[in-house]
Amino acid sequence: MMAASSQSVYTIRDGCFGYTNTPVLDDINLSISRGKFYGLIGPNGSGKTTLLDMLATTTRPDRGEVLFKNRPVASYRRQELARLIALVPQDFTLGFDYTVFDVVLMGRHPHIPRFSNPSAKDLDLVENALTLMDITSLRDRAVTDLSGGEKQRVVVARALAQDTEVLILDEATSNLDIRHTIEIMRVIYGRVVKTAVTVVAAIHDLNLAAAFCDELVVLDKGRIVAGGPVQEILTNELIRQVFSVEGHVYLHSHTQTPRVEYELNKNDTG
Amino acid sequence: MGRRGKRTIRKSEDLPGRLYHIIEDRSYDKDLRIVWDIPDRFFNWSGIFFLDRIKEQETRVRPALFISLLAVVLATTIVMVTGMGFLKISPAEVVQVLLSRITGKALPGTFNAVFPLVVMDVRLPRILTSAIVGGGLAVAGGVFQAILLNPLADPYTLGISSGAAFGAAMVLILTIFGISLPVWVSVPLFAFLGALATLFAVFALASPHDNYSSNTLILSGVIIASILSAGIGFIKYLADEKVGIIIFWLMGSFVGKSWTDVILTLSFTLPGVLVILYFTRDLNIMALGARTAESLGVETGKTRKILLVWASLITAICVSVSGIIGFVGLIVPHLLRLLLGPDNRVLIPACFFGGAILLLFADTITRAILPSELPIGVLTSLIGGPFFCYIFRKRQGGMR
């Protein structure tokens, strides 16, 4: 199922980060291997976004170090990293009324020298990303006029057009209907399998995470509480401990991936 | 319902190898437009200068055509308005004077001997100063709007005008305390120092921790500006009957501008505009938000700082030379964005020419058309304000 290569993409040692004394992330030790789909799960405020920012190198840890491909992140130039790592942020801005095409083409920014025109390859990648995200028909529309889900797909398309080895997704499917959610996850899974792209994605829907990810990293109160293959991590105890709800994990008979069913008793006031 | 039109898009067969499309846009009753759609407009520098390769979209016009048109209009306007005034000089004669200065050839003996003097020493310095100030303010406005992600920002949003006004007012208070300096030297100098001090204060107040985010910057600007306004108010109170001088300066004027003013204004505006043009693509990317821009290889904090400092320097020198002239830095980038789209690589050069033309027109009205000189800041706000209201209203109606 997963690529055999186990090259290290990221190594975080003793990573700590905090906004003025309150630690957001504490004592993070994490190793990410090439060509795997990692799901980052944890309740709200557990530090998922900060950890993803650290992987996307837009945030540097206060203490500890982040190695990207066995080299400290600080030793890379900004543009070098932009050619290797793409980020789909949770709260994205689309400031002015650029067209969908323009915004997706912005994903090629680190690859196109200043004052140069995009090459045929750049345009191909943009067309491809538009098609994959099902937004070809929106290409000339202003991004400011789109619905939330359409904007989300534009932002994912932009990251796909960036054509990087690593894809960092922060709730990339949170605004989408179920059809586009599954489609986007399939496209991203396809990149992992076919071109050994490494994906780290924060996902709220545990079933979605279980269905598509190779490994799960569980964050709670700024600490990594568990990490490993999905089947080993996703248990009734973990769901109770981390998410404070009762859940029942079982193996789906058809796909052989874990599924979660929650206790949804509307009369139980606790 | 502006953008939602029925469109058919098909690939063009006659231009193989490139992604040309033909769009038939039937969203408007008026006319059926067939336009060339160039997907790489966004990154295409050459596209800006080769007319046939430019996408045309609804209200958007061809950038190259528009920018060259603006440049031609500016050049023509400069020649035309130089001839206007108490002493009428024909455009042909103006051109003759200019050519003789450039080539060094003597004018024919029949030529009115006063004309070269009026053109070169009286009118042209003032005209060029107003054009450069207009262009500079519009470019600065465009940069502030793009960085603060706010189409209603202008060069004065960070309180630079208040700083300059405070500096200029300080000169007055110094003369009251008996320290007299020649006004034409000290007012621009103090205004410039005041503007710079404000810039430093705003940057010091806005923490660099969040890469100078829009809200922090705007808030810092508002805080500093309100403190300075109180200071200006106090100086006005102290100045008593001499308050007229400072009020007149605050409203802006190009009266008596010399070649020194032209060179002074240009010495900051020209490098500033060039630096800004260098970063225009990064400015586009920053519309996606600081984090995304960072992940796309733009050093957001550094770029923001460079652009803000240069836009502020341009504003500071413009205000120091001419006083506070409102609306040019707001309206010109705003209107041009509606016409040309948000791509700063097109917008910024267009802003320069557009701002120059607008302020040149306004200055000509007060200099040569009105019976007596009116402060230009008053004129731009009186004409610009209502016009802006009209556009703002119309845009709202057309949008949704």
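Residues numbered from 1 in each chain as written. Chains lettered and ligands numbered in written order. Predicted model: local features only at pLDDT ≥ 70, side-chain atom pairs only at ≥ 80, totals over all residues. Heavy atoms only, no water.

Enquirer: Tell me about the overall build of chain B, and please be specific about residues and values.
Expert: For chain B, the helix and strand inventory stands at 15 helices and three strands. Sorting the 400 residues of chain B into buried and exposed places 54% on the buried side. Entry remark: accessible area of chain B is about 17800 Å², with carbon and sulfur atoms responsible for 71%. (Helix = DSSP H or I, 4+ residues; strand = E, 2+ residues; numbered from the N terminus. Buried < 20%, exposed > 50% of the residue type's maximum accessible area, 1.4 Å probe, protein only. Areas by Shrake-Rupley, 256 points an atom, 1.4 Å probe, with all protein chains shown as cover.)

Enquirer: Provide a residue-level description of the overall build of chain A, including the pertinent values.
Expert: Looking only at helices and strands, chain A features nine helices and 12 strands. Looking at chain A residue by residue over its 270 residues, the buried ones come to 56%. In chain A, 65% of the contacts between residues at least 6 apart in sequence involve partners at least 24 apart. Surface accessibility of chain A: about 11800 Å² in total, with carbon and sulfur atoms responsible for 48%. (Contact = heavy atoms within 4.5 Å.)

Enquirer: Give a detailed account of unusual backbone geometry, specifying residues and quantitative values.
Expert: Residues and elements named next belong to chain A. Phi at D27 takes a positive value of approximately 55 degrees, unusual for a residue other than glycine. Inspection of the secondary structure puts D27 in strand β2 (residues 22-33). Positive phi values are uncommon outside glycine, yet S244 reaches one of about 55 degrees. Among the structural elements, S244 can be located in the loop between α9 (236-243) and β11 (247-251).

Enquirer: Hey, could you go over the confidence of the model for chain A for me, with residue numbers and the actual values?
Expert: Per-chain confidence: chain A averages 89 in pLDDT, with 96% of residues scoring 70 or above. Scored below 50 in pLDDT, residues 1-5 of chain A makes seven contacts in the model with residues more than four places away or belonging to other chains. (pLDDT = per-residue confidence, 0-100.)

Enquirer: Could you give an account of the sheet that holds strand β10 (residues 223-229) of chain A, with specific residues and numbers?
Expert: All names here are of chain A. Strand order in the open sheet made by the six strands is β6-β7-β8-β3-β9-β10, with mixed pairing throughout. For this open sheet the edge positions go to β6 (85-88) and β10, each flanked by a neighbour on one side alone. Taking the axes of each pair of neighbouring strands and ignoring which way they run, one obtains an average angle of 15 degrees across the sheet. In this structure, strand β9 (residues 215-220) lies alongside β10, joined through six bridges in antiparallel fashion. Paired with D220 across the two strands is R223, which belongs to β10. Together, β6 and β7 (166-170) form the strand contacts of helix α5 (residues 148-161), whose direction differs from that of β6 by roughly 180 degrees. (Pairing = 2+ DSSP bridges. Axes fitted to C-alpha atoms, helices over the stretch in contact; angles between N-to-C directions.)

Enquirer: Explain the environment of I232(B) residue by residue, including any values.
Expert: Residue and element names in this part refer to chain B. Mapped onto the secondary structure, I232 falls in helix α7 (residues 214-239). Considered as a pair, I232 and F166 are 66 residues apart in the sequence and their alpha carbons are 5.6 Å apart. Ignoring sequence-local partners within four residues, the contact set of I232 consists of S162, A165 and F166.

Enquirer: If you had to explain the side chain of S220(B) to someone new, which residues and values would you point to?
Expert: Tracing the backbone shows S220(B) in helix α7. When its relative accessible area of 3% is taken as the criterion, S220(B) is described as buried.

Enquirer: Give me helix α2 (residues 63-82) of chain B: which residues, what numbers.
Expert: The first and last C-alpha atoms of α2(B) sit 28 Å apart over 20 residues, in line with the 28 Å expected at 1.5 Å per residue. Looking at α2(B), one finds that the buried residues are P63(B), A64(B), F66(B), I67(B), L70(B), L74(B), T77(B), I78(B), V79(B), V81(B) and T82(B). (Expected span 1.5 Å × (residues − 1).)

Enquirer: Could you give an account of the pattern of salt bridges, with specific residues and numbers?
Expert: All names here are of chain B. In this structure the tally under the stated criterion is 20 salt bridges over all chains. Across the pair R126 and E373 runs a salt bridge, and its minimum N-O distance is 2.9 Å. With R126 in helix α4 (residues 114-147) and E373 in the loop between α14 (344-369) and α15 (376-399), the pair connects residues that are 247 residues apart, well separated along the chain. Residues K302 and E299 are paired through a salt bridge, measuring 4.0 Å at the closest nitrogen-oxygen approach. (Salt bridge = Lys/Arg side-chain N within 4 Å of Asp/Glu carboxyl O.)

Enquirer: Requested: an account of the environment of S214(B), with residues and values cited.
Expert: All names here are of chain B. Position of S214 relative to the elements: it lies in helix α7. C-alpha of S214 to C-alpha of L148: the two residues are 66 residues apart in sequence and 4.6 Å apart in space. For S214, the residues in contact, after removing those within four places along its chain, are I147, L148, L149 and R304. At 3.3 Å, the side chain of S214 and the backbone oxygen of L148 are in polar contact. (Polar contact = N/O pair within 3.5 Å; in protein donor to acceptor, adjacent residues only side chain to side chain.)

Enquirer: Residue-level account of the confidence of the model for chain B, with values.
Expert: Chain-level statistics for chain B give a pLDDT mean of 80 and a share of 80% at 70 or above. Below pLDDT 50 for its whole length, residues 1-59 of chain B participates in 146 contacts with residues either more than four positions away or in separate chains.

Enquirer: Mind laying out helix α3 (residues 91-103) of chain B, listing which residues take part and the relevant values?
Expert: All names here are of chain B. Between its first and last C-alpha atoms α3 spans 18 Å; for 13 residues at 1.5 Å apiece the expected length is 18 Å, and the two agree. Those residues of α3 lying buried are V94, V97 and S100. For α3, the buried positions fall inside an angular range of 130 degrees around the axis, keeping them on one side. Across from the buried face of α3, at angles greater than 90 degrees, the exposed residues are A92 and I102. Tucked inside the fold, the buried residues of α3 contact α2 and α4. One or two residues past the end of α3 sits G104, with phi positive at roughly 85 degrees. (Arc of directions from axis to C-beta.)

Enquirer: Outline the packing of helix α5 (residues 160-176) of chain B against α7(B), supporting the account with residue identities and numerical values.
Expert: Residues and elements named next belong to chain B. Relative orientation of the contacting elements α5 and α7 amounts to 25 degrees, with a least axis distance of 9 Å. Classified by the angle their axes make, α5 and α7 are roughly parallel. α5 and α7 meet at a crossing whose hand is left-handed. Listed contacts from α7 to S162, G163, A165, F166, A169, M170, L172, I173 and I176 of α5 are A225, L228, S229, G231, I232, I235, L238 and A239. (Parallel < 35°, antiparallel > 145°, perpendicular 65-115°, else oblique. Left-handed = near helix turned anticlockwise from the far one by under 90°.)

Enquirer: Summarise a nonpolar patch on the surface; cite the residues concerned and give the values.
Expert: All names here are of chain B. Together, L205, L219, I223 and I227 give the surface a local cluster of nonpolar side chains, amounting to about 390 Å² of exposed area. With three residues, the single largest contributor to the nonpolar patch is α7. Structurally, the position occupied by I223 is in helix α7. Given the relative accessible area of 40%, I223 is considered partly exposed. (Patch = residues over 30% accessible without salt bridge, like charges linked within 9 Å, V, L, I, M, F, W, Y side chains within 5 Å.)

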